[in-house]
Amino acid sequence: MKYKLLLLLILFSQCKNTSDEKKDESDTSTIKQETEIVNTQLKLDGCYRKITGRDTMLVSFKETNGEVSGKIRFDNYEKDSSHGTVNGTIKNGVAVLWYDFFSEGMKSHVQYVFKPVENGLLWGISELDYRNDSAHLKDIESIEYPTENFLEKLDCDLIQKQLSDN
């Protein structure tokens, strides 16, 4: 009798765990689908800012038919600042861009990704590969979007002069 009761408890717990796992998978799938829908509806046009301590990143993007152009400026407190242009495309709701910039009199190129979210952007991070004066993302599929890389959307009039200053 004890063994039958124990066997029933084990079977019941396994059935419950299996249904919970299926529920978790469907919940995750739903969230992923909802996020993808939201991302395709949000536009990249506009100006953005990220402040970390005394460092500031300013961004201005213009999106036209899946093509993106704009400017980025890094004003860093104790490191070299940089400024330049960005160009790229929208792929799966994410902007994949090349940042061509000047820093300490040298021109360089870095690949960046930005994901539109409510009231701003998330700046994606991933491992980089370096070739000559260029750095590109090793694997675009492995990009992470940490919340500390959030850029708030601003009225472009507030930062346009700063983006234009060299």
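The present account deals with the structure reproduced in this document. Within every chain, residues take consecutive numbers counted from 1 along the sequence as written. Per-residue local features of the predicted model are confined to residues with pLDDT of at least 70, and side-chain atom pairs are confined, for both listing and counting, to 80 or more; whole-chain, interface and lining totals are unaffected and use all residues. Note that the side-chain values use all heavy atoms of the structure and ignore hydrogens as well as water.

**Concerning the pattern of salt bridges**
Any two side chains of opposite charge can pair, on the condition that their charged atoms come close. For clarity, the threshold we go by: Only one rule defines a salt bridge in this text: a Lys or Arg side-chain nitrogen within 4 Å of an Asp or Glu carboxyl oxygen. Helix and strand assignments come from DSSP, with helices taken as H or I runs of at least 4 residues and strands as E runs of at least 2, each series counted from the N terminus. A 1.4 Å probe rolled over the protein chains alone gives each residue an accessible area, and that area as a share of the maximum for its type sets the label: buried under 20%, exposed over 50%, partly exposed in between.
Here the structure, examined in full by the defined rule, presents 4 salt bridges. Two residues, Lys62 and Asp45, come together in a salt bridge whose shortest N-O distance is 3.7 Å. Highlighted residues: Lys62 in strand S2 (residues 55-64) and Asp45 in the loop between helix H1 (2-41) and strand S1 (46-52), separated in sequence by 17 residues. We classify Lys62 as partly exposed; its relative accessible area is 48%. Given the relative accessible area of 26%, Asp45 is considered partly exposed.

**Focus: the state of the cysteines**
As a reminder of what qualifies: The rule for a disulfide is simple: a pair of cysteine sulfur atoms within 2.5 Å.
Tallying each qualifying case throughout the model produces 1 disulfide. Through a disulfide, Cys47 is tied to Cys156; the S-S separation comes to 2.1 Å. Since a negative S-S torsion denotes a left-handed disulfide, the Cys47-Cys156 link at about 105° is right-handed. Of this pair, Cys47 sits in strand S1 while Cys156 sits in helix H2 (residues 156-164); the two residues are 109 residues apart in sequence, bridging distant segments of the chain. Cys156 gets classed as partly exposed once you look at its relative accessible area, which sits at 25%.

**Here we look at the pairing of strand S4 (residues 82-91)**
Formally: One requirement defines pairing of two strands: DSSP has to find at least two bridges between them.
As paired strands, strand S3 (residues 67-75) and S4 are joined by 8 bridges and run antiparallel to one another. The residue of S4 that forms the bridge with Ser69 is Asn87. Here S3 folds back onto S4 in antiparallel fashion, the turn holding 6 residues. With 9 bridges joining them, S4 and strand S5 (residues 94-103) adopt antiparallel strand pairing. Residue pairing across strands places Thr89 opposite Val96, the latter belonging to S5. The antiparallel pairing of S4 with S5 creates a hairpin that spans 2 residues between the two strands, and Asn92 there sits at a positive phi of about 55°.

**Focus on the environment of Gly88**
Note the cut-off: Between two residues, a contact is recorded if the distance between any of their heavy atoms is within 4.5 Å.
Within the secondary structure, Gly88 is located in strand S4. Classification of Gly88 as buried rests on a relative accessible area of 16%. Sequence separation between Gly88 and Tyr99 is 11 residues, and the spatial gap between their C-alpha atoms is 9.0 Å. Excluding residues that lie within four positions of it along the chain, Gly88 makes contacts with Gly66, Glu67, Val68, Val96 and Leu97.

**Topic: unusual backbone geometry**
Trans is the common state for peptide bonds, and a negative phi is the common state for residues other than glycine. At Asn65, a position not held by glycine, the phi torsion is positive, near 50°. Relative to the helices and strands, Asn65 is located in the loop between S2 and S3. Overall, the relative accessible area of 78% leaves Asn65 in the exposed class. Positive phi, normally seen in glycine, also occurs at Asn92, with a value near 55°. Checked against the element boundaries, Asn92 lands in the loop between S4 and S5. A residue is classified by how much of its surface remains accessible, and Asn92, at 76% relative accessible area, is exposed.

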